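Here are the chains, one letter per residue:
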Amino acid sequence: MTDNKELNSPGYEIPEDLQHAVSITTIDRLYNWGRRWSVWPMMFGLACCAIEMIAAQAARYDLARFGMEVMRPSPRQSDLMIVAGTVTKKMIPAIVRLYNQMPEPKYVVAMGACASGGGPFKEGYNVVAGVDKFVPVDVYIPGCPPTPQALTAGLMKLQEKIDKESIRKVRWYQKGADSVELPIPVLGPDLMDPRRYNEIKMLAAKPAEPATESKA
Amino acid sequence: MTTLVETETLDLAARFPGSAAADTRPGYSDWIVNKDKLVEVATTLRDEFGYDLLSHVTGVDYFPDKMEVVYEAFKTTGGPGVLFKVQVPRVDPIEVPSVTPIWPGAEFQEREIWDLYGIKFTNHPDLRRILMWEGFEGHPLRKDWHEPFYEEDFKPLKSRWPDGKYVSSEDKNPYKDNLQFPQNFDPEKVKIDGEAPLYDTLQKYTTVDGGIKTDHIIVNMGPQHPSTHGVFRAAVVLDGETIVSLKPVMGYLHRNHEKIGERNTFLQNMPYTDRLDYFNSMSNNWGYSLAVEKLMNIKVAERAEYLRVIMAELSRIQNHLILIGMLLNDLGAYFTPALYAFEERELILDIFEATSGTRMMCNYHRFGGVSRDLPEGVLEKIRGLVEDRLPRKADEFDRLLTENEIFISRMKGVKVMDAEDAVKYSITGPVLRAAGVPYDVRRAQPYGIYDRFDFDVALRHNGDLYDNYLIRLDEIRQSIRILQQAVKQMPEGPINSQKPQYQVRVPAGEAYGRIEAPKGELGYYVISTGKPNPWRYHVRAPSFINITALEKMCVGKKIADFVVILGVLDIVLGELDR
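Below is a short write-up of the structure. (Residues numbered from 1 in each chain as written. Chains lettered and ligands numbered in written order. Predicted model: local features only at pLDDT ≥ 70, side-chain atom pairs only at ≥ 80, totals over all residues. Heavy atoms only, no water.)

## Quick notes on the overall build of chain B
Then step 1. Secondary structure assignment for chain B yields 20 helices and 17 strands.
Then step 2. Taking 25 Å as the expected radius of gyration for a compact globule of 578 residues, we find that chain B reaches 24 Å, a close match to that expectation.
Then step 3. C-alpha atoms of chain B, sized along the principal axes, occupy 75 × 65 × 60 Å.
Then step 4. Looking at chain B as a whole, 63% of its 578 residues are labelled buried.
Then step 5. Contacts in chain B between residues far apart in sequence, at least 24 positions, make up 68% of those at least 6 positions apart.
Then step 6. Only carbon and sulfur atoms are counted for the fraction: they give 51% of the accessible area of chain B, which is about 21100 Å². (Helix = DSSP H or I, 4+ residues; strand = E, 2+ residues; numbered from the N terminus. Rg over C-alpha atoms; globule rule 2.2 N^0.38 Å. Buried < 20%, exposed > 50% of the residue type's maximum accessible area, 1.4 Å probe, protein only. Contact = heavy atoms within 4.5 Å. Areas by Shrake-Rupley, 256 points an atom, 1.4 Å probe, with all protein chains shown as cover.)

## Details of the packing of aromatic side chains
Each aromatic ring pair is specified by the distance between its two centres and by the angle formed by the two planes.
All names here are of chain B.
Then step 1. This model, assessed by the stated rule, comprises 27 aromatic pairs over all chains.
Then step 2. Ring geometry for Tyr-278 against Phe-279: centres 6.1 Å apart, planes inclined by 40 degrees, an arrangement best described as tilted. The exposure classification of Tyr-278 matches that of Phe-279, with both residues buried.
Then step 3. Where Tyr-524 meets Tyr-537, the ring centres are 6.2 Å apart and the plane angle is 25 degrees; that geometry is what we call stacked. With Tyr-524 in strand β16 (residues 520–528) and Tyr-537 in strand β17 (residues 534–540), the pair connects residues that are 13 residues apart, well separated along the chain. (Phe/Tyr/Trp six-rings, centres within 6.5 Å; stacked < 30°, edge-to-face > 60°.)

## Points about unusual backbone geometry
Residue and element names in this part refer to chain B.
Then step 1. Residues Phe-63 and Pro-64 are joined by a peptide bond in cis, for which omega reads 5 degrees.
Then step 2. Mapped onto the elements of the fold, Pro-64 is located in the loop between β3 (53–62) and β4 (66–74).
Then step 3. In this structure, Asn-256 is a non-glycine residue whose phi angle is positive, near 65 degrees.
Then step 4. Counting through the fold element by element, Asn-256 comes out in the loop between β12 (242–249) and α6 (257–263).
Then step 5. Using a relative accessible area of 1% as the deciding quantity, one classes Asn-256 as buried.
Then step 6. Unlike most non-glycine residues, Asn-297 shows phi in positive territory, near 55 degrees.
Then step 7. Tracing the backbone through its elements, the reader meets Asn-297 in the loop between α8 (281–296) and α9 (302–331).

The structure is reproduced here in structure tokens:
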């Protein structure tokens, strides 16, 4: 357990004889404290980084110290999606669908160079240059792959972010927040983002410039 | 099978006058076969000459005049292989007869060639795209097909080098992203059902029993499923719990290694090979350096040869440990055995990190040697591991698991593959050896200095799940034996026979370098035109080819067995999808 000080900084004077029996704190603090130590990640590995994610769970690095050892294979039971690996065009519809299936509050960590921005494979024709083009990312962890220590540091950053939340402002308590789903990309001649249909139509109608004339 | 003709030199030109000729291009070898005679030549090679194991099939685009399909077959009794090619004009439709009826192991590789090169294989049982999705525009490995972030054909790119300017690829693309669409394309008008061709190939059934209609169930396992070890997917038709039909679906981690590899310089490809089978970057490097060293015709420094063996064998040990740990995960012993495995793996990764600088992506080999020598004290650490700790731990795993009754009742007698089928389907590595075929590249065609070590090719005979587990333990023990000898014999000396250089000169020609990776035969087929970049860079990935027979392995078994079969097949998606 953490030291009570974390919760117990009330700004009110508590008489000494009551100090072990009474706590005064804010709802926000209690709520954030409870959640930061029980983030359940989804058991979701894409590529090389997933192996370091498993290593971080295993004996030497032991993520259980952060209440994060409960990996859930189902998105319905998880709070955190660690995008561990290269995001491909073929995979992104599934990733967005998984994100939609996660209940709020949910967080996304982009682990490694590929998930953050395409990494060494950015130029590849089947590679999405960063998962943040489709789902909102909370923490980016650099590295190829990030070591378990780096992953742990990234997750601690996420905890700091959780600490700053306020129950009045978080998006999942806003009206209608539950029904907001991201549109799922479609695999056509290339990856099609439904949010960009009009833009794609407009740009494709333009006469081909030398840069786009590549297809023979 | 007919009796084998014992011939010292194989002369296809004499056997098939007019339809086969020696490949006389400088740096090339073996045979070019006439397209119409391909099936006949292939059958003869398999039945008369004994080339029973088709190692790899791949395409090469000799832009602008012709396409080539390259086949290489080996004998399971060992020795060098036979390489033969079919050349076709580069005018669509490009058609080549399929060799899948002769070597079923070619099935997925031919699908891959269709997907990436647009070469149609006539008589192929199921020619669909495999890595990209149905409906994708173009065949990406053709030399005249350019990806959306295309700048120029070869690296280093002029926009960034030598000035070191920062350029964002997004700015150069009209869609500001990794996208390209045909002229006047309207996304709202396309009707695409990429999944329909997949479901059409599944064998379905409906029965009426006592007036009650029974229908099939289709279950999709993956791409997000804890048992598939990554983003692998299998579409399964079930009758109750029994598998009726199964099709693997892949490409969810297709990272375009080969296209990127053709842009890179030879040395730039080295770190990319790390990311193929990300458990074993040390052995991935080796296959590639073997191929390029063959082309360059250089020798490897003596000490570096030993360092390569030590790193590759350590890598094999940690790979098999993880396999056993994860296999138990799949069987339901959640994470406890895996924790034991990871404990040992960390110790081996410590050695990799101390030597190469990183835990996983070691980027350790250089042409002619390795990049760094062992730092002080690391050799003692390795000695401690191989003389004391690892043999003890292998015994511990043995004690913990091998006699476990639940484990045995789940594993024993569930056949994965028998020897004959395994060879037909081009399966290599531990799965082939567990079926009773003593085929190990380290012995069949020794590379590096493996001929100096005393070790046995691990062999089991039943080909069931239990043997597939046991053979991993056997191999760990054999690897420890090799390591004990290597650590004793390693000489002092330079670690590279060449001067360190940024760009190497590689003479024109072709080369195939293959090693016995922990998952099977890992090979690289590299073509150089004498320029700083390879013309073709193909990876013969054991995970990809071993999965060809997945349907055959699984049909008739329970869905729970599928999970275990996939576990012992030891696939890794980075390599499977490349």
